[in-house]
Structures are given as C-alpha cells and as structure tokens.
Amino acid sequence: ENVSIGIDEFIGLPRTYQISSNGKNLSQGQQQKTLLKRALYEDKAVYLFDEPTSNLDLISKKRFVNLVLDLQSRGKIVCIITHDPELMGISTQILNLSEKA
C-alpha cells in the first residue's frame, strides 16, 4: 500500500463524521491522529511532537513518518521526543537526554 497521503486523509474518518465534544466516540489512535492533524494543519517553521506514534497502528505510523519526511524536505524543523527507533532513524540529529544521579 502506498502510505504517502495528505493530512486530510490521515485520520481515516469521513469529513461528515461528528466527533463528540469530549472525543469519547473516537479510539485512542483516532484521538491521537486528530491531535496530530491539528498540529500539522497550519504551515509552521517548527513542529514539536511528543511520542506522536504511541497509539497509532503500523499503517498510520508509516503515514506519519511520510508526513514528517515531507515537512523535512520542505525545510521545516521537526522535533520529536520519542523512544521509537524508527522515528529516530529518520532524524538528522539526535539528542540523548539521561538523568544523572
């Protein structure tokens, strides 16, 4: 499957789908994709994500990776806080933080 898609198709719900005000009618993955779409919707110079793929299925994770690669190719700065080796693999720089006693 070609996983290169735009942010409008990322969530996987029809445009007419009614999301309740508290989001209870969405799965955790759909909630996370909704939050990611909100972050990606505006054209920004810098994007910051904290564990963005923690509740995503494999296909959605690949789609997110493609969206990040697209942002990078357009000169955007993308900062990702993660433990995920795949996300670290697409990084141009890695800053490893550890707590010292």
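Residues numbered from 1 in each chain as written. Predicted model: local features only at pLDDT ≥ 70, side-chain atom pairs only at ≥ 80, totals over all residues. Heavy atoms only, no water.

Chemist: Mind laying out the nonpolar core, listing which residues take part and the relevant values?
Modeler: Core analysis: the biggest nonpolar cluster contains 13 residues, and Leu40, Phe49 and Phe64 have the highest contact counts within it. Those elements that place two or more of their residues in this core are helix 2 (28-41), strand 1 (46-50) and helix 3 (58-73). No other element matches helix 3, which puts 5 residues into this core. (Core = buried A, V, L, I, M, F, W, Y, C linked by side-chain atoms within 4.5 Å. Buried < 20%, exposed > 50% of the residue type's maximum accessible area, 1.4 Å probe, protein only. Helix = DSSP H or I, 4+ residues; strand = E, 2+ residues; numbered from the N terminus.)

Chemist: Please give an account of unusual backbone geometry that cites residues and values.
Modeler: Residues other than glycine seldom take positive phi values, yet Glu51 does so here, at roughly 45 degrees. In this structure, Glu51 sits in the loop between strand 1 and helix 3.

Chemist: Residue-level account of helix 3, with values.
Modeler: Counted at 1.5 Å a residue, the expected span for helix 3 with its 16 residues is 22 Å, and the 23 Å between its end C-alpha atoms agrees. Buried within helix 3 are the following residues: Ser60, Lys61, Arg63, Phe64, Val65, Leu67, Val68 and Leu71. One or two steps after helix 3, the chain reaches Gly75, where phi turns positive at roughly 80 degrees. (Expected span 1.5 Å × (residues − 1).)

Chemist: Hey, could you go over the environment of Arg74 for me, with residue numbers and the actual values?
Modeler: In this fold, Arg74 is placed in the loop between helix 3 and strand 2 (77-81). Accessibility expressed as a relative area gives 47% for Arg74, which makes it partly exposed. As a C-alpha pair, Arg74 and Ala45 span 29 residues in sequence and 9.7 Å in three-dimensional space.

Chemist: For the packing of aromatic side chains, give the residues involved together with the corresponding values.
Modeler: Within the structure shown, the criterion is met by 2 aromatic pairs. Their ring planes at 5 degrees and their centres at 6.5 Å tell us that Tyr47 and Phe49 sit as a pair that is stacked. Of the two residues, Tyr47 and Phe49, neither departs from the other in class, the shared state being buried. A ring pair is formed by Phe49 and Phe64, whose centres lie 5.3 Å apart and whose planes are at 90 degrees; its orientation type is edge-to-face. With Phe49 in strand 1 and Phe64 in helix 3, the pair connects residues that are 15 residues apart, well separated along the chain. By way of ring pairs, the aromatic residues Tyr47, Phe49 and Phe64 are connected into one cluster. (Phe/Tyr/Trp six-rings, centres within 6.5 Å; stacked < 30°, edge-to-face > 60°.)

This is a description of form; function is not addressed.
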